[in-house]
Amino acid sequence: MRPYFEKMDPLGKPLSPVDLDEMADNRIRVAAVLEELRAEVTRVKSAGLPAEKIHERGEMTVWDRIEYLVEPGTFRPLHTLYNPRQNEEGTTGVVDGLARIGGRWCVLVGFDNKVLAGAWIAGQAENQLRVTDLAKRLHVPLVWLVNCSGVKLTQQDEVYADRRGHGATFFRHAELEKLGVPILAGIYGTNPAGGGYQSISPTVLFAHKNANMAVGGGGIVSGMSPTGGFDEASAEQIIEAARRFKEVPPGSVRTHYDATGFFRAVFDTETEVLDALREHMAQMPGYDPKFFRVAAPAEPRYPLSDLASLVPLNQKAVYSFDDVLARLVDGSEHLEFRPGFGPEVYTGLVKVDGFLVGAIGNRQGLLGATYPEYATDYIGIGGKLYRQGLIKMNEFVTLCGRDRLPIIWFQDTTGIDVGDTAEKAELLGLGQSLIYSIEQTGVPMMLAVLRKGTAAAHYVMGGPTANNHNAFTLGTPATEIYVMHGETAAVASFSRRLVKEQEAGRPLKPVIDQMNALARLYHDQSRPAYCAKRGFVDEVVAFDDLRRYMVAFAGSVYQNPSSICPHHHMLLPRLIRSQIVKGLERPKKTR
């Protein structure tokens, strides 16, 4: 299959000096958004105690541990701004992302020991479940840096119970192990109760000499027999027990290395724990990348820096998706699937770090006077989905599943075509068909919301809401996610009210004010930082960083896949290149 992949069709074109000049203001606006995001990241990293306080204790922060452990330049953070419960800490208290350790990709997660000594806090459970889902979908090891003081007891109702509460993580660890996904843990500090289960549930445990893990901490043990209240005598008993357990906390190294043997090894220094994790990561199952690569890795022919000059923050401005994709894929090459069908959508095969990947994205601009073919009273506009585009995506996704190819989605969509004409063209059913097709693939997917993620199209185009295989979703400085534009929502909400007020002879201004307020609310609640905090996306990244995450995704997917399709058994490349076969003349008979 080498002729299919080594040299694909050229994609995109260079930007001219005029193009760059015209987008100068856009680059300034992009830079301003990135500056706001950097300020938010700094706020999260500064949460809790100052790093100096941790260092004074002779300890490393979670950020120190990550920097020491991970191969330089390979950490791809996720969920940095995520705070779904809008807790007072301003963070979920864990740091996570994709990383290479010991030559292997993994999902790395660690408790932020600056924030309440790594306590369970509101919103953290959902973050942890996203992390375990990520390891499951990519089939790569999960590496924990455990330093967890257990439940924040003053807010136990926010963290302890619920179907997706903290205890779900322990079940998820068991689920990963059942699927053959190993979990490594480096354990530091005091880890009672929930922290004890965070420590014991991974597959292999390495501990620092001062670490402990236990069903309950000293404070819990000294209060395990409630009497209906407290008095001076009980207070004295609590003081005595607390002092005793502070001196010798339950579950120390003497217990869980010398007696139970739960700790695989114990180390004198923090860095030695990390060295052990790195050594064991190098032993994890993984194919040599050459096994799956279809060509040598290559950088795009066009610079990543062009992307801020290609994707307008003005949501009404059009741009070339093909030119965007050309800045993200190896050699700026591709094999496009059904280019003359469903023109509002791009579908094709590309290479990312030498690995074959399916790519799907929205094209922008006018689509011609005769498209969509089922309508006569309007013309198609890029960003919206029509019958042909939905059929094409169904076909392409199904074939990617058959050929075991991961998919990267690029969204910039205003939704699916609406109205009776669209209903008669079966768009409602075709949208749900795409969700069904995605579910049947069983291949990992990632999504980049380049600009707009709107209405049901956000669901059906690889969105996390309607997708079991979405590993993670990225936003950009241009991302907006909402059920519909704020002005559209205002019209839908207040149009009948306007009619009633006018018919009653009352002034319209109070209703108009409400409409403008709703439109502003939609705007404010769809900004990139808001999307990251609420978890609509897993991380907002600079345009320049998109390819780095794509490389991490492709490397993770192909590291140890649970199923494979030999290159020479694939159908998609042959279907795309079928014109080569069609064009051959019938051989002449020899005499």
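Described below are features of the structure shown in this document. Bear in mind the structure is a predicted one, so any value in this text is a computation, not a measurement.

The next thing to look at is the packing of helix α15 (residues 387-402) against helix α17 (residues 427-441). Viewed as axis vectors pointing N to C, α15 and α17 meet at an angle of 10°, and their least axial separation amounts to 9 Å. Viewed along their axes, α15 and α17 adopt a mutual orientation that is roughly parallel. From α15, Arg387, Leu390, Ile391, Met393, Asn394, Val397, Thr398 and Gly401 reach across to α17, where they touch Leu427, Leu430, Gly431, Ser433, Leu434, Ser437, Ile438 and Thr441. Of the residues that constitute the contact of α15 with α17, the class distribution is eight nonpolar, seven polar and one charged.

So, about the sheet that holds strand β8 (residues 204-208). Strand order in the open sheet made by the seven strands is β2-β3-β4-β5-β6-β8-β10, with mixed pairing throughout. The sheet is open, and its two borders are formed by β2 (76-78) and β10 (265-267), each paired with just one other strand. If you compare each strand with its neighbour and ignore which way they point, the axes differ by 20° on average. Two elements, β8 and β10, share three bridges in a ladder whose sense is parallel. Bridge pairing links alanine 207 to valine 266 in β10.

With that settled, the discussion passes to the environment of phenylalanine 472. When you line up the elements, phenylalanine 472 lands in strand β18 (residues 470-475). Judged by its relative accessible area of 1%, phenylalanine 472 falls in the buried class. Between the alpha carbons of phenylalanine 472 and leucine 134 there is a distance of 7.2 Å; along the sequence they are 338 residues apart.

To continue, consider the packing of helix α19 (residues 486-503) against helix α20 (residues 509-524). Following both chains from N to C, one finds α19 and α20 inclined at 165°, their axes separated by 8 Å at the closest point. One element, α19, and the other, α20, form an angle in the roughly antiparallel class. For α19 against α20, the interelement crossing comes out right-handed. Where α19 approaches α20, its residues Gly486, Glu487, Ala489, Ala490, Val491, Ser493, Phe494, Arg497, Leu498 and Glu501 are matched on the opposing element by Val511, Ile512, Gln514, Met515, Leu518, Ala519 and Tyr522. Split into classes, the residues belonging to the contact of α19 with α20 amount to eleven nonpolar, three polar and three charged.

With that out of the way, let us pick up empty space enclosed by the protein. For the coordinates displayed, the defined rule picks out two cavities of 30 Å³ or more. Of the volumes computed, that of the largest cavity is approximately 80 Å³. Taken together, Val44, Trp63, Pro77, Leu78, His79, Thr80, Thr91, Val94, Val95, Asp96 and Asp112 make up the lining of the largest cavity. When residues of the lining of the largest cavity are traced back to their parent elements, those giving at least two are β2 and β3 (94-101). By residue class, the composition of the lining of the largest cavity is six nonpolar, three polar and two charged. By volume, the second largest cavity is sized at about 40 Å³. For the second largest cavity, the full set of lining residues is His139, Val140, Pro141, Gly180, Val181, Pro182, Pro285 and Asn560.

Close approach of charged atoms allows side chains of opposite charge to pair. Scanning the entire structure with this criterion turns up 34 salt bridges. Salt-bridge contacts for aspartate 538 lead to arginine 130; the nearest nitrogen and oxygen are separated by 2.9 Å. With aspartate 538 in the loop between α21 (528-534) and β20 (539-540) and arginine 130 in helix α6 (residues 124-138), the pair connects residues that are 408 residues apart, well separated along the chain. Residue glutamate 395 pairs with arginine 338 through a salt bridge whose shortest N-O separation is 2.6 Å. Taken together, the positions of glutamate 395 in helix α15 and arginine 338 in the loop between β11 (333-336) and β12 (345-352) put the pair 57 residues apart, joining distant regions of the chain. According to the relative accessible area criterion, glutamate 395 is partly exposed, its value standing at 28%. By sharing partners, the salt bridges in this structure join Lys7, Glu333 and Lys351 into a single network.

Conventions used here
Residues numbered from 1 in each chain as written. Predicted model: local features only at pLDDT ≥ 70, side-chain atom pairs only at ≥ 80, totals over all residues. Heavy atoms only, no water. Axes fitted to C-alpha atoms, helices over the stretch in contact; angles between N-to-C directions. Helix = DSSP H or I, 4+ residues; strand = E, 2+ residues; numbered from the N terminus. Parallel < 35°, antiparallel > 145°, perpendicular 65-115°, else oblique. Contact = heavy atoms within 4.5 Å. Nonpolar A, V, L, I, M, F, W, Y, C, P; charged D, E, K, R; others polar. Pairing = 2+ DSSP bridges. Buried < 20%, exposed > 50% of the residue type's maximum accessible area, 1.4 Å probe, protein only. Left-handed = near helix turned anticlockwise from the far one by under 90°. 1 Å grid on protein atoms, 1.4 Å probe; cavity = no way out; pocket = protein on both sides within 12 Å on 5 of 7 lines; lining within 4 Å. Points joined across faces, edges and corners; volume = space filled by probe spheres on them. Salt bridge = Lys/Arg side-chain N within 4 Å of Asp/Glu carboxyl O.

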